[in-house]
Amino acid sequence: MKHHAWLFGFMMLLAPIVHAAQADQIKPSHAWIRLLPANLPAGAYVTLDNQGASAAVLVSANSAAYGSVMLHQSTSDPAGNSDMHMLDRLVVPAHGQVLLAPASYHLMLQQATHPLKPGDTVEITFDFADGSRLAVPFLVRPANAAD
Ligand SMILES: [Cu+2]
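Here's what I pulled together on the structure shown here. (Residues numbered from 1 in each chain as written. Predicted model: local features only at pLDDT ≥ 70, side-chain atom pairs only at ≥ 80, totals over all residues. Heavy atoms only, no water.)

The subject of this paragraph is the coordination of the copper ion. Coordination of the copper ion by the protein is provided by H72 (ND1), M84 (SD), H106 (NE2) and M108 (SD), with metal-donor distances spanning 2.0 to 2.3 Å. Taken together, the four donor atoms coordinating the copper ion span angles of 99 to 120 degrees at the metal, a pattern that classifies the geometry as tetrahedral. Positions of the donor residues of the copper ion, expressed as sequence spacing, correspond to H-x11-M-x21-H-x1-M. Pair noted here: M84 is in strand β5 (residues 82-86) and H106 is in strand β8 (residues 105-112), with a separation of 22 residues, a long-range link. Taking the relative accessible area as the measure of exposure, H106 reaches 3% and is therefore buried. (Donors = N, O, S within 2.8 Å, 3.2 Å for Na, K, Ca; no water. Tetrahedral: all angles 85-135°; square planar, octahedral: opposite > 155°, others 65-115°. Helix = DSSP H or I, 4+ residues; strand = E, 2+ residues; numbered from the N terminus. Buried < 20%, exposed > 50% of the residue type's maximum accessible area, 1.4 Å probe, protein only.)

Have a look at this one:
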């Protein structure tokens, strides 16, 4: 019996390492949406910390509050022209951090399914490459919110 207890304890210790889903490794913070008037696409921003020993790969996101949620990256050329393009995936390195922020990576939210106002909370779910999912509450903030 003593051996079994030891073995059980060892397996419990090992279990989180072997089965660590990518979503479970990610700790989100400062999640917010910049609401724009007249149904313009809204940007969603969040800090993603990977507390795990392996990379977590974000492949898509979705929300019941929006018909379309896209993963975007804003870039600017030396002339100061800014542009954005869609990303297939966004890697959060092991023990690393990725910042979704204005003028950088962001989620582009379109086709709101109902009217939103500052102070509302919108849940956005992130899908990771291993099939795990993470639901994150985002605070809706006004268009002039800085960061
Ligand atoms: Cu965008």
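Next, the rest of the story.
Of note in the backbone geometry, H30 takes a positive phi value of approximately 50 degrees without being a glycine. Relative to the assigned elements, H30 resides in strand β1 (residues 26-34). Despite not being glycine, A103 has its phi angle at roughly 70 degrees, a positive value. Topologically, A103 is positioned in the loop between β7 (97-100) and β8.

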